[in-house]
Number of protein chains: 2
Amino acid sequence: MTDTPYLAVDLARLDRNLQAVAELARNAHVDLRPHAKTHKTAELARRQIDSGAVGLTVATIGEAEAFAAAGFGDLFIAYPLWVTAHKGARLRALADRVSLRLAVDSVEGAVRLAAELSGAEVLVEVDSGQHRTGVAPESAGEVAAAAQSAGLKVVGVFTFPGHGYGPGHARRDAAAQEIAALSSAAEQLRDRGIEPRVRSGGSTPTIEFADSGVLTEIRPGVYPFYDAQQVELGVCGFDDVALTAVSTVVRRDGRRVVLDAGSKIIGADRPAWASGHGRILDEPAARIVALSEHHAVVEYPDEYVPSLGSTVRVVPNHVCTAVNLVDELVVGGGAGEGGEGEVATWRVVARGANS
Amino acid sequence: MTDTPYLAVDLARLDRNLQAVAELARNAHVDLRPHAKTHKTAELARRQIDSGAVGLTVATIGEAEAFAAAGFGDLFIAYPLWVTAHKGARLRALADRVSLRLAVDSVEGAVRLAAELSGAEVLVEVDSGQHRTGVAPESAGEVAAAAQSAGLKVVGVFTFPGHGYGPGHARRDAAAQEIAALSSAAEQLRDRGIEPRVRSGGSTPTIEFADSGVLTEIRPGVYPFYDAQQVELGVCGFDDVALTAVSTVVRRDGRRVVLDAGSKIIGADRPAWASGHGRILDEPAARIVALSEHHAVVEYPDEYVPSLGSTVRVVPNHVCTAVNLVDELVVGGGAGEGGEGEVATWRVVARGANS
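These numbers come from a predicted model, not from an experiment.

Caption draft 1: Spotlight on the packing of helix α3 (residues 61–69) of chain A against helix α4 (residues 85–97) of chain A. Residue and element names in this part refer to chain A. At a minimum axis distance of 11 Å, the contact between α3 and α4 shows a crossing angle of 30 degrees. With respect to each other, α3 and α4 are oriented roughly parallel. Considering only the axes of α3 and α4, their crossing is left-handed. Mapping the contact onto sequence places I61, G62, A64, E65, A68 and A69 in α3 and K87, R90, L91, L94 and R97 in α4. Classifying every residue of the contact of α3 with α4 gives 6 nonpolar, 1 polar and 4 charged.

Caption draft 2: Structural detail: the side chain of D105 of chain B. When you line up the elements, D105 of chain B lands in the loop between β5 (99–104) and α5 (107–116). Owing to a relative accessible area of 2%, D105 of chain B belongs among the buried residues under this scheme. Excluding residues that lie within four positions of it along the chain, D105 of chain B makes contacts with V250 and R251 of chain A together with P80, E125, T133, G134, V135 and V143 of chain B.

Caption draft 3: Up close: the sheet that holds strand β7 (residues 153–158) of chain B. Residue and element names in this part refer to chain B. Taken in spatial order, the 8 strands make up an open sheet running β2-β9-β8-β7-β6-β5-β4-β3, and their pairing is parallel. If you trace the sheet from one side to the other, it starts and ends with β2 (31–32) and β3 (56–58), each paired once. Where β5 meets strand β6 (residues 121–125), 4 bridges bridge the pair, whose relative direction is parallel. If you follow A103 over to β6, its bridge partner there is L123. Contacting β3 and β4 (74–77), helix α3 (residues 61–69) runs over the sheet at an angle of about 170 degrees to β4.

Caption draft 4: Seen up close, helix α7 (residues 170–191) of chain B. Helix length check: α7 of chain B, at 22 residues, gives a terminal C-alpha distance of 31 Å against a target of 32 Å (1.5 Å per residue), a fit within 8%. In this structure, the buried side of α7 of chain B is in contact with α6 (140–150), β7, β8 (198–201) and α8 (228–233) of chain B.

Caption draft 5: Structural context of the nonpolar core. Counting residues in each nonpolar core, the largest one holds 219 residues, and the members touching the most others are I77 and L91 of chain A together with I77 and L91 of chain B. Dropping the residues within four chain positions of it, I77 of chain A is found in contact with V58, A59, T60, I61, A64, L91, L94, L100, R101, L102 and A103 of chain A.

Caption draft 6: Representation of the pattern of salt bridges in the model. Residues and elements named next belong to chain B. Summed over all chains, the structure comprises 47 salt bridges over all chains. A salt bridge links R251 to D253, with the nearest nitrogen and oxygen atoms 3.0 Å apart. The residue K264 makes a salt bridge to E293 at a minimum N-O spacing of 2.8 Å. Taken together, the residues K264 in helix α9 (residues 263–266) and E293 in the loop between β13 (287–291) and β14 (296–299) connect sequence positions 29 residues apart. By relative accessible area, which is 1% here, K264 ends up buried. Assessed through its relative accessible area of 7%, E293 is described here as buried. Ionic contacts of the salt-bridge type, sharing partners, join the residues R33, D74, R101, E121, R197 and E217 into one network.

Caption draft 7: A look at unusual backbone geometry. The peptide bond linking T4 of chain A to P5 of chain A adopts the cis configuration, its omega dihedral lying at -5 degrees. With respect to the helices and strands, P5 of chain A occurs in the segment before β1 (6–10). Positive phi is not limited to glycine here, since Y226 of chain A has a value of about 60 degrees. With respect to the element layout, Y226 of chain A can be found in the loop between β9 (217–218) and α8 (228–233). At K40 of chain B, a residue that is not glycine, the phi angle is positive and equals roughly 55 degrees. Inspection of the secondary structure puts K40 of chain B in the loop between β2 and α2 (42–50). What makes K40 of chain B buried here is its relative accessible area of 1%.

Caption draft 8: Seen up close, the packing of aromatic side chains. All names here are of chain B. A full pass over the atoms with the stated rule returns 6 aromatic pairs over all chains. Measuring from centroid to centroid gives 5.0 Å for F76 and F158, while their planes differ by 85 degrees, and the two rings are edge-to-face. Highlighted residues: F76 in strand β4 and F158 in strand β7, separated in sequence by 82 residues. Pair check on accessibility: F76 and F158 agree, each one buried. Aromatic side chains Y300 and Y304 sit 6.2 Å apart centroid to centroid with 80 degrees between the ring planes, which places their arrangement in the edge-to-face category.

Caption draft 9: Focus on the relation of the copies chain A and chain B. Of the transformation superimposing chain A on chain B, the axial component is 0.0 Å and the angular component is 180 degrees, with the fit at an RMSD of 0.0 Å. In the structure described here, the two chain copies are related by an operation that fits a two-fold rotation axis. If distances are taken from each C-alpha of chain A to the rotation axis, the shortest is found for A268 of chain A, at 2.6 Å. Most of the interface of chain A is mirrored in chain B, where 100% of its interface residues are also at the interface.

Caption draft 10: Structural view of the interface of chain A and chain B. Taken together, the contact between chain A and chain B spans 54 residues of the former and 54 residues of the latter. Buried surface at the junction of chain A and chain B, both sides included, amounts to about 4,500 Å², of which 52% is carbon and sulfur. In this structure, the connection of chain A to chain B is made through 8 salt bridges. Here D105 of chain B and R251 of chain A are joined by a salt bridge, their closest N and O atoms 3.2 Å apart. Within the residue set of the side of chain A that touches chain B, elements represented by two or more residues are α4, β10 (243–253), β11 (256–259), α9 (263–266), β14 (295–299) and α10 (319–323) of chain A. At 4 residues, β10 of chain A tops the list of elements feeding residues into the side of chain A that touches chain B. Residues belonging to the side of chain A that touches chain B are distributed by class as follows: 18 nonpolar, 20 polar and 16 charged.

Caption draft 11: Layout of the domain arrangement of chain A. All names here are of chain A. Taken domain by domain, chain A consists of domain 1 (11–224) and domain 2 (229–317). Contacts between the two partners involve 12 residues from domain 1, matched on the other side by 12 residues from domain 2. Each partner contributes to the roughly 930 Å² buried at the junction of domain 1 and domain 2, and carbon and sulfur atoms together form 52% of this total. When the area that domain 1 buries against domain 2 is broken down by residue, the three leading residues are R13, Y165 and R171, summing to 51%. Across the contact surface, domain 1 and domain 2 share 1 salt bridge. Across the pair R16 and D240 runs a salt bridge, and its minimum N-O distance is 3.3 Å.

Calculation rules
Residues numbered from 1 in each chain as written. Chains lettered and ligands numbered in written order. Predicted model: local features only at pLDDT ≥ 70, side-chain atom pairs only at ≥ 80, totals over all residues. Heavy atoms only, no water. Axes fitted to C-alpha atoms, helices over the stretch in contact; angles between N-to-C directions. Helix = DSSP H or I, 4+ residues; strand = E, 2+ residues; numbered from the N terminus. Parallel < 35°, antiparallel > 145°, perpendicular 65-115°, else oblique. Left-handed = near helix turned anticlockwise from the far one by under 90°. Contact = heavy atoms within 4.5 Å. Nonpolar A, V, L, I, M, F, W, Y, C, P; charged D, E, K, R; others polar. Buried < 20%, exposed > 50% of the residue type's maximum accessible area, 1.4 Å probe, protein only. Pairing = 2+ DSSP bridges. Expected span 1.5 Å × (residues − 1). Core = buried A, V, L, I, M, F, W, Y, C linked by side-chain atoms within 4.5 Å. Salt bridge = Lys/Arg side-chain N within 4 Å of Asp/Glu carboxyl O. Phe/Tyr/Trp six-rings, centres within 6.5 Å; stacked < 30°, edge-to-face > 60°. Least-squares fit on C-alpha atoms with pLDDT ≥ 70 in both. Buried area = accessible area lost by both parts, 1.4 Å probe. Domains from an automatic or database assignment.

Structure representation (structure tokens):
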């Protein structure tokens with residue numbers, strides 16, 4: 001018996017999602033290197049590798065350390081680290097035990113990395129329109145050449161089309177910009193005599209447009225579980241959502257109820273285009289109108305309103321930040337409300353691995 | 001040497017904040033029972049007790065268990081729990097070792113609690129305008145009488161004036177509504193022959209209005225550290241902020257920089273009235289214009305822009321959710337930029353204690 005609130009995984013849906021994206025990658029002739037920051041669990045990563053992933057993507061050295069310790073041997077830290085002496089020592093220890101790829105997006109960053117880990121395999125990060133990290137495509141050759149001169153092994157280019165998280169045509173447009181940016185950056189590298197054999201892109205909202213001839217690899221993160229953002233973007237349906245916060249109704253007034261699932265278990269992420277602070281799995285018409293640390297205020301528009309003390313399954317807006325809030329996931333067999341009972345708990349081994 | 005990003009505490013500022021609020025409570029003749037969900041650390045709770053707090057407030061049974069294990073003997077779980085058999089067993093184990101107060105806001109909830117923990121001390125939660133949990137003041141007597149009939153020991157009423165988190169007159173107005181609601185609810189209890197000797201309110205934005213004759217106790221949480229919300233509400237200045245996320249500039253383009261502090265270390269909380277996703281301690285004019293899990297995009301309007309690889313201190317919007325994202329806080333002596341070096345690390349003992 002697990003006390004509410006807790007995060008529950010529907011294993012049947014999870015495995016169906018893993019198979020579907022593995023098949024998408026096979027059909028598009030691209031490698032699948034899923035982003036493990038979403039789930040941070042060894043058991044799920046193992047299922048991804050077993051269903052055909054070539055390795056894992058992570059965001060921090062700490063995540064890489066956690067997955068290396070769990071036995072995963074092919075890791076890409078998709079972040080332009082600023083490498084201090086201490087981070088350099090951690091990276092060398094990692095490179096001794098796994099096949100490690102790193103990211104650069106500046107000449108200065110590349111020189112520092114090379115000083116700490118000469119010969120490291122790197123990809124140049126390219127900005128395809130999100131305007132976060134990554135160089136403009138036309139500067140990719142310069143960074144690649146500098147990285148190579150500094151002693152790094154440049155194997156390709158990558159981008160994150162994060163601006164595909166938006167309504168309307170955002171996903172399709174971002175996917176097209178991703179292809180254009182990687183294509184242009186790849187040309188830049190070739191002009192410098194560097195073969196960009198890895199051209200890596202793709203997030204969950206854009207991978208359906210992955211069949212381009214330019215991409216060689218995709219790095220979706222959210223797809224094992226999906227979340228309320230993906231439902232509202234049209235990437236998946238409620239029937240695909242494999243992770244929920246199981247919560248209890250602690251107060252009821254008319255059509256308004258309060259659940260014991262707050263931002264400390266579902267996360268506070270709320271993009272401007274989202275309909276609320278998350279969704280209710282079994283009542284798509286309900287809206288979470290207010291969220292605090294330990295309370296979600298939910299309005300039910302129809303006749304059905306759950307009773308005081310009943311159990312409600314909340315779909316977080318952003319599953320990556322929800323999982324990072326718990327020590328373990330409660331895994332059930334799936335098959336509808338209540339599932340087939342608890343079959344396992346998976347430890348969130350890279351929880352809070354921020355650096 | 002701690003790798004960025006990490007949460008750092010300025011001990012000199014922290015102790016100054018603790019003293020100031022302890023003095024405010026003494027001058028207002030109210031008990032101080034700070035909310036420990038903010039810091040979740042035993043060391044900080046000890047400093048609160050040592051400076052005059054009568055006990056601690058917590059939000060979950062798990063938090064109460066963590067603080068009981070750390071030696072704190074007077075705890076109020078300020079949440080209308082729906083008590084299952086398993087939660088009942090946990091509460092009985094707690095009540096055996098500490099002085100425990102609980103919350104009720106419905107007849108049904110009180111009956112369930114009484115069935116699991118007869119004789120428990122409870123306060124009736126009253127809604128003073130936030131419209132989350134808590135009964136309307138005019139229903140407080142009915143819930144109190146039912147709780148007493150069921151076998152609970154009703155010692156008073158409490159409210160959380162969370163609607164005081166707003167610009168303009170929101171703080172002052174919420175404080176006035178808090179006093180009115182507690183006063184009205186207290187009358188309701190007296191009408192039923194129940195003496196409401198505890199009348200508990202107060203959050204960090206409203207405690208400056210606490211000197212009312214109605215309140216007997218305040219429960220502020222955020223004041224040891226403060227945060228960007230409190231700065232923007234006018235509750236404190238940047239010079240009072242005692243917790244920051246120490247981060248590194250990983251990219252710079254003109255006046256725009258990207259820091260390695262994302263929502264997984266500063267939290268994603270962003271009320272509509274906030275100026276961004278957090279603030280920069282040493283550059284009040286800078287704005288965090290975008291936040292993702294491991295990146296903060298910051299725009300600097302003036303001449304000064306930090307260089308690639310330099311260190312920047314980010315003030316989270318909401319410190320309670322930031323602390324919950326890390327295993328430990330790095331505590332420094334304070335006294336300006338860089339502090340006087342690390343003096344301790346405090347473990348976040350109740351991190352993720354959601355149930």
